[in-house]
Amino acid sequence: MDVIILCSSSSCCSKFKYGCAVTGTKSSVLSCNEAFGGIGIGIGDLKVLPSGCRVNWKKHKKKQLGLCGFVIRSSFDGVTVKKKPESSMSSEEVYGVLKSMSDPYQAFSFFNSMAELPRVIHTTETCNYMLEMLRAHGRVEDMVVVFDLMQKQIIKRSINTYLTIFMGLNVRGGLREAPIALEKMRKVGFVLNGYSYNGLIHLLLKSGFCREALKVYRRMVSEGINPSLKTYSALMVALGKRRDTETVLDLLQEMESLGLRPNIYTFTICIRILGRAGRIDEAYGILKKMDDAGCGPDVVTYTVLIDALCNAGKLNNAKELFLKMKSSSHKPDRVTYITLLDKFSDRGDLDAVKEFWSEMEADGYLPDVVTFTILIDALCKVGKVDEAFGTLDAMKEQGVAPNLHTYNTLICGLLRLNRLDEASGLFESMEALGLETTAFTYILFIDYYGKSGKFDKAIKTFEKMKTNGIVPNIVACNASLYSLAEQGRLEEAKEFFNGLQNCGLAPDAITYNIMMRCYGKAGRVDGAIKLLSEMEENGCDPEVVTINSLIDTLYKADRVDEAWKMFQRMKEMKIAPTVVTYNTLLAGLGKEGRVQKATALFRGMIADGCSPNTITFNTLLDCLCKNGEVDLAFKMLFRMTKMNCFADVLTYNTVIYGLIKENRVNYAFWLFHQMKKVIYPDHVTLCTLLPRVVKNGQIEDAFRVAKEFVHHVGDHADGPFWEDLMGGILIEAEIGQSIIFAESLVRNGICEDDSVLIPLVKFLCRHGKAGDAYNVFLKLTNSFSLKPSLEAYNVLIDGLLKARLCEIAWGLFYEMKNAGCTPDVFTYNLFLDVLGKSGKIKELFDLHEEMLFRGCKPNTITQNIVIFGLVKSNNLDKAIDLYYDLMSGDFSPTPWTYGPLIDGLLKFGRLEEAKHFFEEMLDYGCRPNCPLYNILINGFGKNGDVETASELFRRMIKEGIRPDLKSYSIMVDCLCMVGKVDDALHYFEELKLSGLDPDLVCYNLMINGLGRSQRVEEALSLYDEMRNTGITPDLYTYNTLILNLGIAGMVEESGKMYEELQLSGLEPNVFTYNALIRGHSMSGNPDSAYAVYKNMMIGGCRPNTGTFAQLPNQS
């Protein structure tokens, strides 16, 4: 193939409007000048034809082109170049010519010839096109030439440059595979220079492939090529975003070791990254390093460090640095002031915000919309929303127009104060002000509703946003997802999460965190772990919050080993554990009582540069104190201040608890006094300390502490406080000591109401000492003129009635009325219940009348008590009439209304009426409970209708009501009564499978049923099982077995059971002796039968008619 190049050389005699012509085995030529008349011409053995590529020459009207011919023989025929043309051609024109060529040899020859022309410049576009053509034809060696040209002529290498080369080397996976591709490139002759490496690293970082960029950097350095400062800075920024602080610091050290001097920008990046990681001391170290290196910080450096200090909560340090900055040559700029205003606003330090505002104005920076909005935000955060609206007016007066963010800030402030109507009104007015709301405005309301528990409203607001044409962003979606997650609506949350892609949104770390929490709350731990894998696959890097949440979830699910594995994985993921991570693990170790591992973790935390906080110490102290390491806890307590941590109330309370637990009361009392020097105790402190102090007999000391506390907290020493304190004292100390302490409080006016009396009465009544409670009540009310409240009367009356001290209770009832303390519905219900259960219907209705006369409105419990009383006294029809009278009004029945009525009907054999009441109950929307079903099952079963009883049992389960032990016992009893022992055994076994344990009654019923069915061996086996489970047989158990063993002819075994009964300490009764007599009689042993009878009489047990019926006739 021959090639002729016609160039625009002015030295040529003939003039062309076109730059070149090419011929080969197929004659082909570029279009010629009119001088040739538009016809083909001959040049030696070559032909020039009027066909070829067209070029837009409008741009070159003034350019005169001379024909300069030179022939290039291709690789097939080797022709030398006659003359090197001196010509220029635009890159667009070169690109156009290349695109017109289908033959890679022609194209590559043309590409190379253009590269030799001094005025023709190849571009990324022409080079990439050439690379692609060569790749398509498998000419890798020529691709090396093109890439080398790009490097020599410093032509930008784009992503497509590398992707084309990678494909040419059969490397799949895109730019991400750069580390692998570089090795292959090296083998075929590609040699990258520093510019190429730097460029490739930037391309990888731009594409989000940080790990791969770092590998390319390592290769570059290993080849002795120094990266540029820009490359180092870009790598540091990318790694900083991934919170990989250690690698950033390594890069800084490496660049210095290579002789590269970091500039202000590089140092500032390091400070920013260390600041974000909370490593403030190291950030200060970089600042000092800058000074030492003669690279002084600029305003940006100072601003970045101020931002870091504020984020770390070191506001005083930030102020100091600000003052240092002002005294230097680098004065604060607007960004510095905005940073300070914003950060101090976030901390709620309004005074500091106003101070910086004045400084800003003094430095000549007039407030703008950004600074005004920050000030408004600061006012809103401290609850001064009305003042914030005043600032809005001042802002307008100064000619600064509020923007959408300003109004959003005000809406946020109003919502924070629960002023929803005003926030909604401001939202509605925004459109009239010409402000177009965005997703963020809606997010404020969605977030408010979600955190207020109004989850449905949150979802409705989200839907409204979409209806109004606002495309939800991921933040709005997260706020809505949060509402679903907090409600535990996992399936809806999953559907919402899966639908994000339909909206064109990719879940972010917060989205995944919310979903993981949702799975965790639902107990679906595996689902949460699966989400972590999905998160990583989708290129969303997990944050430390994500891992912390998973560790907590795994610990709560008792999957401790997996929680620790997740902690170990953090290093692989280059996620530095935070104080929250360590606190979660310490809390788990504390619950397990693993003291040594907890202390080792604490030491490891410090070694890793993670500073513990007060919560860390409190968690560790709790672990130590609960596991007998109080001395070590003491040392830790004093170590706190050395580590810049300050003990709070919980810290001291924890150690005091540990000392009290070990009965080191004097030490605890000493620590209490030390505590008061730095922080005032709370009610938990007193409730922990004073019970043991009173028990130790130091009642005066306890009284002084209580007195001082009450004077300090005032009204905060309320009923719940006294109840907690007295409850603790009553549990720890003797009752006498507790009463003395209570008396001293009342006598000295420390507790002026009955707040100490009520817990005393409650405790004594709960422990069966209602009489003592009454005496204490009389002493405190009479001797110290303490006026008892209604609650005190009710608590004592309730205790007296339960202890069956009814006369005293009635006397107290009359006394309270005479003292002007009006009984309430609870008081009346107590007495009505006693009267109803004792069948005193007349007295019950008299008291009911008094209740109405005194204006005390009966409640549902009252009416249920009256209905029960009527049924109990065999006035069933009156009870039914009362029920229908109540239903004609506004009475709302409960299962306790229907229970007595249905029970009464069943006992009287009125089964159909009982069924009718049950169905009527359902019609009124009153859902039956387990006790009501038990009444129904028992009633039908005892009436012999075990089929209906069984059906009701199944219905109860179907309706989601879990049968209790009584439900199963009733079924066993009823089925045994009708001889269906196998069915009874089925229910007995089902009871055990349901997670319930049979009690003595249930075992007795089953043993009796088996015995009556002559299945004595099974009865004895069940008896052994019962004893093995720790249940002690009672007299009914022995009587049942003695009777049924005797009937089965197993008289000897029956006698042994009788001996066992005596050894257990039980006294045989008439039924025991009757069973023994019957066994001997049926076995033909009359003498033995009469011997038993004789023993019975000697033992003082009176025979009954059954006894004589069992005795054999004497001949």
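Analysis parameters
Residues numbered from 1 in each chain as written. Predicted model: local features only at pLDDT ≥ 70, side-chain atom pairs only at ≥ 80, totals over all residues. Heavy atoms only, no water. Helix = DSSP H or I, 4+ residues; strand = E, 2+ residues; numbered from the N terminus. Rg over C-alpha atoms; globule rule 2.2 N^0.38 Å. Buried < 20%, exposed > 50% of the residue type's maximum accessible area, 1.4 Å probe, protein only. Salt bridge = Lys/Arg side-chain N within 4 Å of Asp/Glu carboxyl O. Patch = residues over 30% accessible without salt bridge, like charges linked within 9 Å, V, L, I, M, F, W, Y side chains within 5 Å. Areas by Shrake-Rupley, 256 points an atom, 1.4 Å probe, with all protein chains shown as cover. Lys, Arg positive; Asp, Glu negative; His and termini not counted. Charge placed at Lys NZ, Arg CZ, Asp CG, Glu CD. Phe/Tyr/Trp six-rings, centres within 6.5 Å; stacked < 30°, edge-to-face > 60°. Lys NZ or Arg CZ within 6 Å of the ring centre and 35° of its normal. Axes fitted to C-alpha atoms, helices over the stretch in contact; angles between N-to-C directions. Parallel < 35°, antiparallel > 145°, perpendicular 65-115°, else oblique. Left-handed = near helix turned anticlockwise from the far one by under 90°. Contact = heavy atoms within 4.5 Å. Nonpolar A, V, L, I, M, F, W, Y, C, P; charged D, E, K, R; others polar. Core = buried A, V, L, I, M, F, W, Y, C linked by side-chain atoms within 4.5 Å.

Looking at the overall build of the chain
Here's step 1: For the chain, the helix and strand inventory stands at 59 helices and seven strands.
Here's step 2: Taking 1115 residues into account, the globule formula puts the C-alpha radius of gyration at 32 Å, and the chain, at 47 Å, lies well above it.
Here's step 3: For the chain, the C-alpha atoms occupy an extent of roughly 160 × 75 × 65 Å along the three principal directions.
Here's step 4: With 1115 residues in all, the chain has 49% of them scored as buried.

So, the environment of Lys-707
Here's step 1: Along the chain, Lys-707 turns up in helix α36 (residues 699-713).
Here's step 2: Through-space distance from the C-alpha of Lys-707 to that of Ile-750 is 6.1 Å; in sequence the pair is 43 residues apart.

A closer look at the pattern of salt bridges
Between side chains of opposite charge, a pair can form as their charged atoms come close.
Here's step 1: Inspection of the entire model under this criterion finds 51 salt bridges.
Here's step 2: One connected set of salt bridges, linked through shared partners, spans Glu-183, Arg-186, Arg-219 and Glu-223.

A closer look at a positive patch on the surface
Here's step 1: Taken together, Lys-241, Arg-243, Arg-272 and Arg-276 make up a surface patch of like positive charges.
Here's step 2: Tracing the sequence through the fold places Arg-272 in helix α11 (residues 264-276).

With respect to the packing of aromatic side chains
How two aromatic rings sit relative to each other is given by the distance of their centres and the angle of their planes.
Here's step 1: Applying the stated criterion across every chain, the model contains 39 aromatic pairs.
Here's step 2: Look at Tyr-95 and Tyr-129: their rings are 5.6 Å apart centre to centre, the planes differ by 80 degrees, and that puts the pair in the edge-to-face class. Here Tyr-129 lies in helix α3 (residues 124-136) and Tyr-95 lies in helix α1 (residues 91-100), a separation of 34 residues in the sequence.
Here's step 3: Look at Tyr-129 and you get partly exposed, because its relative accessible area is 24%.
Here's step 4: Taken together, the aromatic side chains of Phe-322, Tyr-337, Phe-344, Phe-356 and Tyr-365 make up a single cluster linked through ring pairs.
Here's step 5: The ring of Tyr-667 has Arg-664 sitting right over it, with the charged end atom 5.1 Å from the ring centre.

Some remarks on the packing of α3 against helix α4 (residues 140-152)
Packed helices, taken two at a time, are described by the angle their axes make and the gap between the axes.
Here's step 1: Contact geometry of α3 with α4 gives a least axis separation of 9 Å together with a crossing angle of 165 degrees. As far as their axial angle goes, α4 and α3 are roughly antiparallel. With respect to the hand of their crossing, α3 and α4 are arranged in left-handed fashion. Between α3, through Cys-127, Asn-128, Met-130, Leu-131, Leu-134 and Arg-135, and α4, the contact on the second element is made entirely by Asp-142, Met-143, Val-146 and Met-150.
Here's step 2: Along the lines of polarity and charge, the residues of the contact of α3 with α4 split into seven nonpolar, one polar and two charged.

Let's talk about the nonpolar core
Here's step 1: If you look at the biggest cluster of nonpolar residues, it comprises 358 residues, and the most contacted ones within it are Trp-722, Phe-741 and Met-1006.
Here's step 2: Apart from residues lying up to four places away in sequence, Met-1006 is in contact with Val-972, Cys-976, Val-981, Ala-984, Leu-985, Phe-988 and Leu-1022.

Limitation: the analysis is restricted to geometry and does not speak to function.
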